[in-house]
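# Residue-level structural notes
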Amino acid sequence: MPEHTAKRRMLVTGASGGIGGAIASALAMDGFDVALHYRSRRDAAETVAATIETATGERPRLLCFDVADRAATAAALGADLDAHGPFWGVICNAGIHADAPLPVMKPEAWDSVIRTNLDGFYNVVQPLVMPMVRARAGGRIVAISSIAGIAGNRGQANYAASKAGVIAAAKSVAQELAKRAITVNCVAPGLIETDMIAGAPLEELLKLIPMRRLGHPGEVAAAVAFLCSQGAAYITGQVLSVNGGML
Ligand code: NDP
């Protein structure tokens, strides 16, 4: 276990999903005390917890809340902070998409994606920041954005807007927290092989990827783990793309 990460608490939201599970496992392997957040798939979160327990001997705690529900998120995080103290870092990974061209996009599709992906950043990070600052131990915040948040994507105005918003929020918070040695960065994946892209027209999409393959969740997790490492202590306000050369 690297000395610098010993027992530092990390929250990974959406750890029941493909990328979040891989991030949680990578951070646990790096020696962090990882808390696994999920919304509906407790079984998937339990599977990630069991894998981590097998590898490290310690079973991570599970936290359940809807990141789009501000009050529920504040209550769950407040209770966890009271019981276990501040987190050293948080990975804002939970997210959804609800695609449609804008002229036929239903209001619920716009609202649910913005509330989950963009409001979710505020709802999760805001309650955690002051305890991190007061701990005077530095820290890490990593938000999972998307190539759509950088370049836009047809049929994803809601998703792209939410992911661009997260980048702007992270860059702003990075400036606020820099003097506290708390770094704030984004990882922007391209097309990663998870449930989220089930049903996507892969043959067409592969033509857009210079590497001609999808990314693996572990390849996103490796970028997050780097940003959480001591070696990344001077990197803040940045967006690290993991996309097989798409941009
Ligand atoms: P998954 O669908 O596999 O996982 C999504 C995760 O988000 C699940 O753990 C889910 O929890 C959680 N989640 C969704 N909505 C909420 C909510 N309202 N409250 C709390 N948790 C919620 O997707 P990925 O692993 O692929 O995606 C992870 C992140 O990576 C997302 O932010 C996504 O936008 C981003 N991304 C993914 C890409 C890809 O190609 N896969 C590309 C670019 C970015 P549960 O299942 O328990 O309900």
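Bear in mind that the values here come from a model prediction, so they are computed numbers and not experimental data.

## Considering the overall build of the protein
If you tally the helices and strands in the protein, you get eight helices and seven strands. The globule rule puts the C-alpha radius of gyration for 247 residues at 18 Å, and the 17 Å found for the protein is close to it. Here the contacts in the protein between residues at least 6 apart in sequence split such that 73% fall between residues at least 24 apart. Total accessible area on the protein is roughly 11600 Å²; 56% of this is exposed by carbon and sulfur atoms. Taken as two groups, the 22 positive and 21 negative side-chain charges of the protein have centres that lie 6 Å from each other.

## Concerning the sheet that holds strand S5 (residues 139-144)
Strand order in this open sheet of seven strands is S3-S2-S1-S4-S5-S6-S7, and the pairing throughout is parallel. Looking along the sheet, the strands with just one partner apiece sit at the ends: strand S3 (62-64) and strand S7 (239-242). Taken over all neighbouring pairs, the strand axes of this sheet differ in orientation by 20° on average, direction set aside. Sheet analysis places strand S6 (residues 182-189) next to S7, joined by four bridges and oriented parallel. Bridge pairing in S7 links Ala-188 to Ser-241. Strand contacts of helix H1 (residues 18-29): strand S1 (9-12), strand S2 (33-38), strand S4 (89-92) and S5, with the helix running at about 170° to S1, the strand carrying the most contacts. Strands in contact with helix H6 (residues 157-177) are S5, S6 and S7; relative to S6, the strand with the most contacts, it is inclined by about 160°.

## Some thoughts on the packing of aromatic side chains
If you walk through the whole model with that rule in mind, you get one aromatic pair. Here Phe-32 and Trp-88 contribute two aromatic rings whose centre-to-centre distance is 5.8 Å and whose plane-to-plane angle is 20°, an arrangement assigned as stacked. One end of the pair, Phe-32, is in the loop between H1 and S2; the other, Trp-88, is in the loop between helix H3 (70-84) and S4, and 56 residues separate them in sequence. Of the two residues, Phe-32 and Trp-88, neither departs from the other in class, the shared state being buried. The residue whose ring lies beneath Arg-9 is Phe-87, and the NZ or CZ to ring-centre distance is 3.8 Å.

## Thoughts on the confidence of the model for the protein
Per-residue pLDDT for the protein has a mean of 96; in total, 98% of the residues score no lower than 70. When the criterion is pLDDT under 50, residues 1-5 qualifies, and its contacts beyond four places in sequence or with other chains add up to nine contacts.

## Quick notes on the nonpolar core
Counting 32 residues, the largest nonpolar core has Ile-23, Leu-27, Leu-36, Ile-91 and Val-187 as its most contacted members. When contributions to this core are tallied by element, the ones reaching two or more residues are S1, H1, S2, helix H2 (42-56), S5 and helix H8 (217-227). Counting residues in each nonpolar core, the second largest holds 29 residues, with Leu-63, Val-67, Leu-128 and Ala-170 among its members.

## Section: unusual backbone geometry
If you check the backbone angles, Arg-136 has positive phi at about 50° while not being a glycine. If you trace the backbone, Arg-136 turns up in the loop between helix H4 (107-135) and S5. For Arg-136, a relative accessible area of 71% gives the class exposed. Although it is not a glycine, Arg-212 sits at a positive phi angle of roughly 55°. By secondary structure assignment, the location of Arg-212 is in the loop between helix H7 (202-206) and H8.

Thresholds applied
The residue numbering used here restarts from 1 in each chain and proceeds along that chain's sequence as written. Confidence filtering applies because this is a predicted model: local features only for residues at pLDDT of at least 70, side-chain atom pairs given and counted only at 80 or more, and all residues used for totals across whole chains, interfaces and linings. Hydrogens and water molecules were not included; the side-chain quantities draw on all heavy atoms of the structure. Counting from the N terminus, the helices are DSSP H or I runs at least four residues long and the strands are E runs at least two residues long. Atoms counted for the radius of gyration: C-alpha only. Globule rule: 2.2 Å times residue count to the power 0.38. Only heavy atoms enter the contact rule, under which two residues are in contact if any of them lie within 4.5 Å. Residue burial considers only the protein chains on display, and all accessible areas are found by Shrake-Rupley using a 1.4 Å probe. In this tally, Lys and Arg are treated as positive and Asp and Glu as negative; His is ignored, and so are the chain termini. For charged residues, the charge sits on one atom: NZ in Lys, CZ in Arg, CG in Asp, CD in Glu. When DSSP finds two or more bridges between a pair of strands, those strands are recorded as paired. Comment: axis = line fitted to C-alpha atoms, over the contacting stretch for helices; angle = value between 0 and 180 degrees taken between N-to-C directions. When two rings of Phe, Tyr or Trp (its six-membered ring) have centres within 6.5 Å they constitute a pair, described as stacked for plane angles under 30 degrees, edge-to-face for angles over 60, and tilted for the intermediate range. With a 1.4 Å probe rolled over the protein chains alone, any residue whose accessible area is under 20% of its type maximum counts as buried; one over 50% counts as exposed, and the rest are partly exposed. As a reminder, the over-ring test applies to NZ of lysine and CZ of arginine, requiring each to be within 6 Å of the ring centre and within 35 degrees of the ring normal. One confidence number per residue, pLDDT, is output by the predictor and ranges from 0 to 100. Put simply, buried Ala, Val, Leu, Ile, Met, Phe, Trp, Tyr and Cys residues joined by side-chain atoms within 4.5 Å make one nonpolar core.

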